[in-house]
Amino acid sequence: MSGSPEGDGSASPTLTVPRGTLLRSRVVSDVGTTLSRALDRGLTGYATLVPQETLLLSGKARGVLTFEDGVPVLAYNTVTDSGGPDALAELAVPGPYRVELYAVDRSGLAAAHEEESLRVAPDAAATELADDADLAERTRDAAPGERLRDGDDEDDAVAAFLADDDRIDAIREQARAEARDRAAEWGLDDALDGSAEPDGDDADAAAGDGAVSGGAVNR
């Protein structure tokens, strides 16, 4: 199985996995059933997920979710070539789903599992696709320590960024400068002049003027 064909000029990574041994093929109302089954049997393999609304409405969500020892590793949308969290978001639509579950030898997935950009957090599928907190906790408990540390590192990086006041202020100042440059192009300099903020009756009049200016910009 593969995603976008090699040599098509796409910057998205291609997911290539062997066909594997079909274990189950059915329509389910809740993807959590499939995730739980894969976890319980410590499956190394993958599931194909096709929301039924995709079949009926020509939607763009046909997913592949790989597992190692029952824990999700990669997510990929074979229609849009999206991977990782983006693919999960595209697959998070109301069921039912047509699901097929395959077992694959660990070596058959080794190359695919090296593709970092397609990876998802161990509990992401349980959270995003099944909205099942208990299953998410069970999956975290079963995940290797390094997988959990990778997720913690990402969280720490976000927290460190948000705590960096100087960096946040610099970004805000850059955004203000870019807004003023754009306003100058549109002839709206006064709209961004904080020293000219009106009050009372003048504020109502200015609000009306702003609405007209916004309409002009939208055109």
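What you see is a predicted model, and the numbers here were worked out from it, not measured in a lab.

1. Focus on unusual backbone geometry
- Here Asp69, not a glycine, exhibits a phi torsion of approximately 55°, which is positive.
- One can find Asp69 in the loop between β3 (63-68) and β4 (71-77).
- Under the relative-accessibility criterion, Asp69 is labelled partly exposed at 39%.
- A positive phi angle, close to 50°, is found at Asp131, a residue other than glycine.

2. Let's talk about the nonpolar core
- Counting residues in hydrophobic clusters, the biggest one holds 26 residues, and the most contacted among them are Leu35, Leu49, Leu65, Phe67, Leu88 and Leu129.
- Going through the elements one at a time, α1 (31-40), β2 (45-51), β3, α3 (85-91), β6 (97-103), α5 (124-128) and α6 (133-142) are the ones with two or more residues in this core.
- For this core, the element with the highest residue contribution is α1, accounting for 4 residues.
- Beyond its immediate sequence surroundings of up to four residues, Leu88 is in contact with Leu65, Ala75, Val120, Ala124, Ala125, Glu128 and Leu129.
- Listed in part, the 12 residues of the second largest apolar core include Leu15, Val64, Val73 and Tyr76.

3. Notes on a negative patch on the surface
- There is a patch of like negative charges on the surface, built from Asp30, Glu128, Asp131, Asp132, Asp134, Glu137 and Asp141.
- It is α6 that contributes the most residues to the negative patch, 3 residues altogether.
- In this fold, Asp134 is placed in helix α6.

4. Quick notes on the packing of α1 against α6
- Two elements in contact, α1 and α6, have axes whose closest approach is 11 Å; the angle formed by their N-to-C orientations is 25°. By the criterion of interaxial angle, the relationship of α1 to α6 is roughly parallel. In the crossing of α1 with α6, the sense of the turn from one axis to the other is left-handed. Taken together, the residues of α6 that come into contact with α1 (itself represented by Gly32, Leu35, Ser36, Leu39 and Asp40) are Leu135, Arg138, Thr139 and Ala142.
- Its residues assigned to classes, the contact of α1 with α6 shows 4 nonpolar, 3 polar and 2 charged.

5. Observations concerning the sheet that holds strand β5 (residues 82-83)
- Read from one edge to the other, the open sheet built from 6 strands follows the order β1-β6-β2-β3-β4-β5, with strand pairing classed as antiparallel. Edge positions in the open sheet fall to β1 (21-28) and β5, since each of these has one partner strand only.
- Bridge count between β3 and β4: 5 bridges; the pairing is antiparallel. What sits directly across from Leu65, in β4, is Ala75.
- Each of β1, β2, β3 and β6 is contacted by α1, which is oriented at about 10° to β6, the strand it contacts most.

6. Quick word on the packing of aromatic side chains
- For the structure shown, the criterion picks out 1 aromatic pair.
- Measuring from centroid to centroid gives 4.8 Å for Tyr46 and Tyr102, while their planes differ by 20°, and the two rings are stacked. With a gap of 56 residues between them, Tyr46 in strand β2 and Tyr102 in strand β6 connect regions that are remote in the sequence.

7. Quick look at α6
- Three or more residues of α6 are buried, namely Leu135, Ala136 and Thr139. Angularly, the buried residues of α6 cover 100° about the axis, an arc narrow enough to put them on a single face. Residues of α6 that are exposed and angled more than 90 degrees away from the buried face: Ala133, Asp134 and Asp141.
- Here the buried face of α6 lies against α1, β4 and α5.
- Residue Asp132 occupies the N-cap position of α6, its side-chain oxygen lying 3.1 Å from the main-chain nitrogen of Asp134.

8. As for the side chain of Thr44
- By the element assignment, Thr44 lies in the loop between α1 and β2.
- A polar side-chain atom of Thr44 sits 3.1 Å from the main-chain amide nitrogen of Asp69.
- Not counting the four nearest positions on each side in its chain, Thr44 is found in contact with Phe67, Glu68, Asp69, Tyr102, Ala103, Val104, Arg106 and Leu109.

9. Focus: α1
- The element α1 is extensively covered by neighbouring structure, given that 7 of its 10 residues are classed as buried.
- All buried positions along α1 are accounted for by Val31, Gly32, Thr34, Leu35, Ser36, Ala38 and Leu39.
- In this structure, the buried side of α1 is in contact with β1, β2, β3, β6, α5 and α6.
- At the N-terminal end of α1, a side-chain oxygen is found 2.9 Å from the backbone nitrogen of Gly32, two or three residues along, and the residue is Asp30.
- Within two residues after α1, Gly42 carries a phi angle of roughly 60°, on the positive side.

Conventions and cut-offs
Residues numbered from 1 in each chain as written. Predicted model: local features only at pLDDT ≥ 70, side-chain atom pairs only at ≥ 80, totals over all residues. Heavy atoms only, no water. Helix = DSSP H or I, 4+ residues; strand = E, 2+ residues; numbered from the N terminus. Buried < 20%, exposed > 50% of the residue type's maximum accessible area, 1.4 Å probe, protein only. Core = buried A, V, L, I, M, F, W, Y, C linked by side-chain atoms within 4.5 Å. Contact = heavy atoms within 4.5 Å. Patch = residues over 30% accessible without salt bridge, like charges linked within 9 Å, V, L, I, M, F, W, Y side chains within 5 Å. Areas by Shrake-Rupley, 256 points an atom, 1.4 Å probe, with all protein chains shown as cover. Salt bridge = Lys/Arg side-chain N within 4 Å of Asp/Glu carboxyl O. Lys, Arg positive; Asp, Glu negative; His and termini not counted. Charge placed at Lys NZ, Arg CZ, Asp CG, Glu CD. Axes fitted to C-alpha atoms, helices over the stretch in contact; angles between N-to-C directions. Parallel < 35°, antiparallel > 145°, perpendicular 65-115°, else oblique. Left-handed = near helix turned anticlockwise from the far one by under 90°. Nonpolar A, V, L, I, M, F, W, Y, C, P; charged D, E, K, R; others polar. Pairing = 2+ DSSP bridges. Phe/Tyr/Trp six-rings, centres within 6.5 Å; stacked < 30°, edge-to-face > 60°. Arc of directions from axis to C-beta. Polar contact = N/O pair within 3.5 Å; in protein donor to acceptor, adjacent residues only side chain to side chain.

Taken by themselves, the reported measurements are silent on function.
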